[in-house]
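Listed below, chain by chain, are the residues.
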Amino acid sequence: MGQAQSEERPIPSHEEITKELAHKFAEKCFTSLEIYSFKDVFKGLADNQQNVRYLKEDTVARFLEIPDILGASPVLFQMISYMGAFPFLQDAPAVLGLEEMVIVITIMTERYKRVLAKGSTDRRKLLYKSLAVYDRKLSEMVGGKEKAQSGGEQAKQEATDGQEARTHATGFAVDEPGDESDDVDEENEDDGLVMAAFESLDYVDVFKHGNAPTIHGAMIPADNFRKLIMLLLLIAPLEPQQKLSQQSDRLVGERLEGLRTTAESILATFLNVEESPGIKFKHFNTIIPASFPYMFNGFNNLFESFLFSKNLDFTKLKDGTAPPRTLHPPEPVQPLLQNEASIMNLNVMSQLSFFIPGSTLFRRLRLLYSGDDDGFSMGSFETKVFNWRAPTILLVRGARLEEEDPDRHRHRSGGGPESAFAATLPARRFPPGTRGGPGEALTFGVYIGEPWRHTHRECFGGEDAVLFQLEPVHDVFRTSSLNRDYVSFRRPSPSAPAGHAGVSFGCPPPQRPTLQAYGRSGGSGSGTIIPLGPVSLVLDDSFEFGCFTHDHGSRGGAFRNSVSRRFDFQDRFEVQSLEVWGCGGDAEAKIQAERWAWEAREAEARRRINLGTGDIEADRALLEMAGLIGANRSGGSMA
């Protein structure tokens, strides 16, 4: 009786699997024309050594037009050399041959999603590993700091003997001592993207993935990440086939300094460079999805440059001759930003695109209101902004006020506008959110998806609203599902409680204050005290002062707590600039212009009204009762 022998599938080599994966990516993730173009581009760029064609660092940097002034070329080449070894990451860095570059482009442009059923989480881990380095001295230094901090915190906790813990951390949460077991757990798990690649090739049963590079002890050097951030800000608005050299005007003078400043604010989200030399994975993995979900989107169009060959000319006839060309003037290219202002510029817009989709921002922002040009008043604000029927972005920049004893504001009379504003805030005041002193520049903002309107008993705004800070540290506060107290706009009026007029975000309306929302801040909910929300931004009715509050220990707010600064803080500032930008195109601008024209005609018609009584004051009183003039109506003169 014969017995069939089972045939075991031979284990292929790393090179064979890489070629097979590259072939599958090429077939499933690219068109035949794109692959043809890429091969032509690679042929023109590659160096040849011992019959091996490959790309060098300076070749890649020159082709992608990476500016030397950024110093980002080595960082980028480290990333793609690591990606080129996929799925055998333990073999990194890889020689960037044809198959390796197919894999690199597939991953960097996120085209792998057409083949591998894995999402952004696995790519985020891969991106971290491609940027991270392992330095035993740095790791031991950071570990020693964490142990010392941990011991100090334990001693402090024992000294409190069960009393309330401190409310303000000395630095960012990412700099606090953490359990390294979090990194170990992440390390012991298989890379989902890598395993998906083997599953797609049906090699999961014959390949044991057990020697991948570890995360434990690795970190992204702060200087490397700073350089990469500057590059990401520069490439954020790139379109398909657009060259990076077209952004060269952003690399000179004040714009270059602004690019560096913006990068520093973003880097400060991940770590305090004075205390930590690098970024650990758990910090990177926590902060990126919350504050920078679209941070790496610029890589998509940058690496798609490899898919367009200059040698392809579709205008040639079959005999190889070119048809006669009719010269047409080039169509004007709409600028990324029609006009810059005191706060908004190309760097800020790129920074916004890290957490707001770029399709909403680039070439779609219109300046609706500027305090510098239109005056710092709620009336001007309303006139310019309320007719915009599309999403808006409010930006406010100010200088941090000097810390003072709040009780001093309570008991002294007069004292000027600053004291008057302080008197409307709860007595308890948290420490500042950053370590800068008085006068430090602070920039906050809000993205609002609904049109602006007056608030009476309820706030407005939807769940797509985003409260954020841009400098000196980048932070994003998404909406929560606990309440909908997103935006409030209240002009001064006899019916409004004193101090409650102005613009606020995340604060409950004064008609229904809640102890849960601001009890820890010392609010009373009555009189002139503004009921601050746990995470909130308040601007007074004169647009002269503002206050941002982050009550980390409280719950129930309209906006969620920070994921990078897990402590209580409050920033009070004097407003220097205030802007509102409309997110929309020509259609939205046309609707706004039509609305403005209609209001102008209505105002002119009201000015011409004459009831014929001969008593102008009586006529005015009658029109006010009818709601045609007075209050918030611009009726003009009846003379």
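Up top is the structure these notes are about.
Because the structure is a prediction, the values reported are computed rather than measured. Each chain carries its own residue numbering, running from 1 in the direction its sequence is written. Predicted model: local features are reported for residues with pLDDT of at least 70 only, side-chain atom pairs are reported and counted for 80 or more only, and whole-chain, interface and lining totals are derived from all residues. The basis for every side-chain value is the complete set of non-hydrogen atoms in the structure, without hydrogens or water.

We now examine the packing of aromatic side chains. Here a Phe, Tyr or Trp ring, Trp counted by its six-membered ring, pairs with any other such ring whose centre lies within 6.5 Å, and the pair is stacked when the planes are under 30 degrees apart, edge-to-face when over 60, and tilted otherwise. Under the criterion given, the structure shown has 29 aromatic pairs. Centre to centre, the rings of Phe 299 and Phe 303 are 5.9 Å apart; their planes meet at 70 degrees, and the pair counts as edge-to-face. Separated by four residues within a single helix, Phe 299 and Phe 303 lie in helix H13 (residues 298-303), roughly one turn from each other. Since its relative accessible area comes to 0%, Phe 303 is described here as buried. When the centroid spacing of 5.7 Å and the interplanar angle of 65 degrees are considered together, the rings of Trp 452 and Phe 460 count as edge-to-face. A simple rule labels every residue: compare its accessible area, found with a 1.4 Å probe on the protein chains alone, to the largest value its type can have, and call it buried under 20%, exposed over 50%, or partly exposed in between. In this structure Trp 452 comes out as buried when scored by relative accessible area, which is 3%. Exposure remark for Phe 460: the relative accessible area of 1% places this residue in the buried category. Helix numbering and strand numbering both begin at the N terminus, where a helix is a DSSP run of H or I of at least 4 residues and a strand a DSSP run of E of at least 2.

Our focus in this paragraph is helix H12 (residues 281-291). Along an α-helix, residues three or four apart share an orientation, since each turn contains 3.6 residues. A large share of H12 lies buried, amounting to eight of its eleven residues. Looking at H12, one finds that the buried residues are Phe 281, Lys 282, His 283, Phe 284, Asn 285, Ile 287, Ile 288 and Ser 291.

Here we take up helix H10 (residues 222-235). Here H10 spans 20 Å end to end across 14 residues, near enough to the 20 Å set by a 1.5 Å rise per residue. In terms of burial, H10 is largely enclosed, as twelve of its 14 residues are buried. Inspection of H10 places Ala 222, Asn 224, Phe 225, Arg 226, Leu 228, Ile 229, Met 230, Leu 231, Leu 232, Leu 233, Leu 234 and Ile 235 among the buried residues, and these make up the whole buried set. Multiplying 1.5 Å by the helix residue count minus one yields the expected span of that helix.

Moving on to the packing of helix H2 (residues 32-45) against helix H5 (residues 98-108). The geometry of H2 relative to H5 is characterised by a closest axis approach of 11 Å and an angle of 125 degrees between their N-to-C directions. With respect to H5, the axis of H2 lies oblique. The interaxial crossing formed by H2 with H5 has right-handed handedness. Of the residues in H5, those in contact with Phe 38, Lys 39 and Phe 42 of H2 are Leu 98, Met 101, Val 102 and Ile 105. Helix axes use the C-alpha atoms of the stretch in contact, all axes being lines fitted to C-alpha atoms, and the angles between their N-to-C directions lie in the range 0 to 180 degrees. Angle categories: roughly parallel below 35 degrees, roughly antiparallel above 145, roughly perpendicular from 65 to 115, and oblique for all the rest. Two helices that cross are described as forming a left-handed crossing if the nearer one is turned anticlockwise from the farther one by less than a right angle, and a right-handed crossing if clockwise. In this analysis, two residues are considered to be in contact whenever any of their non-hydrogen atoms come within 4.5 Å of each other.

Here the focus is the environment of Asp 541. Here Asp 541 is to be found in the loop between strand E13 (535-540) and strand E14 (545-550). By relative accessible area, which is 32% here, Asp 541 ends up partly exposed. The contacts of Asp 541, once residues within four sequence positions are left out, are Met 378, Pro 492, Ala 501 and Gly 502.

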